[in-house]
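The chain contents come next:
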Amino acid sequence: MRSWWQEIADLVLPADCAGCGRPGGTLCDRCREALRGSGARRVLPSPVPPGLPVVHAAVEYADEARAVLLAHKERGVLRLAWPLGEALAGAVRAVCGARPALGGEAKGESARRPRGLSSICGYRRTGGRARSTVDRGQPRPKAGGGSSAPEANRALGKPLLLVPVPSARRAVGARGHDPARRIALAAAGVLRGGGRPVRVPAVLRQLRRVTDQSGLGARQRRANVSGALGVVPGGDRLLAAGPVVLVDDLMTTGASLAEAARAVTAAGGRVAGAAVVAASLVRINRN
């Protein structure tokens, strides 16, 4: 568990960059820019686990991004939560500009909402920019081009729910913090700063113990987490507050996100998609 003296040391002692190791601060400008990447992209693991929602990642899990994520997760460099949250917020924005693939669309192709709507995340386009209608007393827009989008209209006026994939209790205890939830809270702060109403409800929990995923293949990971997640008592009411974007720090095979989507959907939640800081060993859709 992270000791109090480690918390104080992070604040008062000079630190090397968590991304490249150069002296001068916890995260240098170059590595901070690397975390932002060239823009979040849709990512697909291979094979794609059943039930996986559309996933967007800010960056690839490599080089500086990998080093920063590990420093935050395993070494408890908590000041990295904000820049990681900025990266995650970019992936969430990408989710809110896309929609789940519909029948007949080419597998792996990024789909877009009809012109005039941003998505089921509850924002409309005005002059090319997404604007929330929450607390503005604005009427709900109709879909452009003659298309109807009842899901998008229902989402207007509701907060966006960032639901973190939960870590095992023993892992949280060993690390002294929950990395995914901490990054999700930072991302919510970034998005709120842009005028988006966002909540981070801790509604998912592990129903049973799972094996450490490291070293497991895609099929083994799916079996390991199948049925392992559920919603906390009263979580269904929290999920009814708005559309859900599942969030995590990293996606490898997508098994955990698929299981999280199953649990949220079973409790009546509406999953708009998933967002991660980084994705490993995936095919990245550049469209």
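None of the values given here were measured: they were computed from a predicted structure. (Residues numbered from 1 in each chain as written. Predicted model: local features only at pLDDT ≥ 70, side-chain atom pairs only at ≥ 80, totals over all residues. Heavy atoms only, no water.)

(A) Spotlight on the overall build of the protein. Along its length, the protein carries 10 helices and 12 strands. Put simply, the protein has 287 residues, and 48% of those count as buried. Residue pairs in contact within the protein that sit at least 24 positions apart in sequence constitute 71% of those at least 6 positions apart. (Helix = DSSP H or I, 4+ residues; strand = E, 2+ residues; numbered from the N terminus. Buried < 20%, exposed > 50% of the residue type's maximum accessible area, 1.4 Å probe, protein only. Contact = heavy atoms within 4.5 Å.)

(B) Region of the structure containing helix H4 (residues 81-95). Across its 15 residues, H4 extends 20 Å between first and last C-alpha, which sits within 8% of the 21 Å expected from 1.5 Å per residue. Most of H4 sits inside the fold, with 11 of its 15 residues counted as buried. Ala81, Pro83, Leu84, Gly85, Ala87, Leu88, Ala89, Ala91, Val92, Ala94 and Val95 are the residues of H4 that are buried. (Expected span 1.5 Å × (residues − 1).)

(C) The arrangement of the pairing of strand E10 (residues 244-251) in detail. Most of E10 is tucked away: seven of the eight residues are buried. Taken together, the four bridges between strand E6 (residues 160-164) and E10 define a ladder with parallel strand orientation. Paired with Leu162 across the two strands is Val245, which belongs to E10. Where E10 lies against strand E11 (residues 271-279), seven bridges are found, and the strand directions are parallel. Following the sheet pairing, Val244 is matched in E11 by Val271. The β-α-β motif built from E10, the intervening helix H10 (residues 255-266) and the parallel element E11 has right-handed crossover chirality. (Pairing = 2+ DSSP bridges. Right-handed = clockwise from strand over helix to strand, strands pointing away.)

(D) The state of the cysteines, seen in detail. This model, assessed by the stated rule, comprises zero disulfides. The cysteine Cys31 is free of any disulfide, with Cys28 supplying the nearest cysteine sulfur at 3.5 Å. (Disulfide = S-S within 2.5 Å.)

(E) Summary view of unusual backbone geometry. For the bond running from Ser46 to Pro47, omega is 5°, close enough to zero to count as cis. As for its position among the elements, Pro47 is in the loop between strand E1 (41-45) and strand E2 (55-60). In this model, Asp63 sits at a positive phi of 50°, which is unusual for a non-glycine residue.

(F) Structural detail: the nonpolar core. If you look at the biggest cluster of nonpolar residues, it comprises 41 residues, and the most contacted ones within it are Val92, Leu162 and Val245. Counting residues per element, the ones that place at least two in this core are helix H2 (29-36), E2, helix H3 (63-73), H4, E6, helix H7 (179-193), E10 and E11. Among the elements that line this core, the one with the most residues is H4, at eight residues. With residues up to four places along the chain from it excluded, the contact list for Val92 reads Leu160, Leu162, Leu191, Val245, Val247 and Ala275. Counting 24 residues, the second-largest nonpolar core is a separate cluster that includes Val43, Val203, Leu246 and Leu257. (Core = buried A, V, L, I, M, F, W, Y, C linked by side-chain atoms within 4.5 Å.)

(G) Representation of the pattern of salt bridges. Evaluated as defined, the whole model comprises six salt bridges. Ionic pairing is found between Asp249 and Lys73, a salt bridge with its closest N-O pair at 3.0 Å. With Asp249 in strand E10 and Lys73 in helix H3, this residue pair connects regions lying 176 residues apart in the sequence. We classify Asp249 as buried; its relative accessible area is 5%. (Salt bridge = Lys/Arg side-chain N within 4 Å of Asp/Glu carboxyl O.)

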